[in-house]
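Coordinate analysis (summary)
Chain by chain, the residues:
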Amino acid sequence: MNEAQVAVPELAVVDVAAADDASTFAVQELLAARWATAPADRTTREAGEPGVRRRCFLDLRQEPDS
């Protein structure tokens, strides 16, 4: 994450950490149901660390597509 990604009001970056891919996808879908998102299509794994991570970008100014 860098300053340009959070410099605009009502834009947010959400990092989701969970035990598995399905859990991070579920959280991403919950966020997308409320706000416009730039969905992540994959999770990342850190060597030697448990679980997975997914980064979602939210635009709180826009409603999600209906």
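Predicted model, so just to flag it, every value in this text is computed and none were measured.

1. What about the confidence of the model for the protein?
- Mean pLDDT for the protein: 83, with 85% of residues reaching 70 or above.
- The spread of mean pLDDT over the elements of the protein runs between helix H1 (residues 3-6), the lowest at 64, and helix H2 (residues 21-34), the highest at 91.

2. Quick notes on the pattern of salt bridges
- Per the counting criterion, the structure on display carries three salt bridges.
- In this structure, the salt-bridge partner of Arg55 is Asp15, at a minimum N-O distance of 2.7 Å. Of this pair, Arg55 sits in strand S3 (residues 52-59) while Asp15 sits in strand S1 (residues 11-18), and the two are 40 residues apart along the sequence.
- Asp15 gets classed as partly exposed once you look at its relative accessible area, which sits at 41%.
- A salt bridge links Arg61 to Asp59; the shortest N-O distance between them is 2.9 Å.

3. Details of the side chain of Thr43
- By secondary structure assignment, the location of Thr43 is in the loop between strand S2 (36-38) and S3.
- Among the residues examined, Thr43 registers a relative accessible area of 16% and is labelled buried.
- A polar contact is formed between the side chain of Thr43 and the side chain of Asp21, at a distance of 2.5 Å.

4. Let's talk about the sheet that holds S2
- On the basis of which strands lie adjacent, the open sheet formed by three strands has the order S1-S3-S2 and antiparallel pairing. For this open sheet the edge positions go to S1 and S2, each flanked by a neighbour on one side alone. Adjacent strand axes in the sheet meet at a mean angle of 35° when their direction is disregarded.
- Where H2 meets the sheet, it contacts S1, S2 and S3, and its direction lies at approximately 10° from that of S3.

What counts, and where the lines are drawn
- Residues numbered from 1 in each chain as written.
- Predicted model: local features only at pLDDT ≥ 70, side-chain atom pairs only at ≥ 80, totals over all residues.
- Heavy atoms only, no water.
- pLDDT = per-residue confidence, 0-100.
- Helix = DSSP H or I, 4+ residues; strand = E, 2+ residues; numbered from the N terminus.
- Salt bridge = Lys/Arg side-chain N within 4 Å of Asp/Glu carboxyl O.
- Buried < 20%, exposed > 50% of the residue type's maximum accessible area, 1.4 Å probe, protein only.
- Polar contact = N/O pair within 3.5 Å; in protein donor to acceptor, adjacent residues only side chain to side chain.
- Pairing = 2+ DSSP bridges.
- Axes fitted to C-alpha atoms, helices over the stretch in contact; angles between N-to-C directions.
- Contact = heavy atoms within 4.5 Å.

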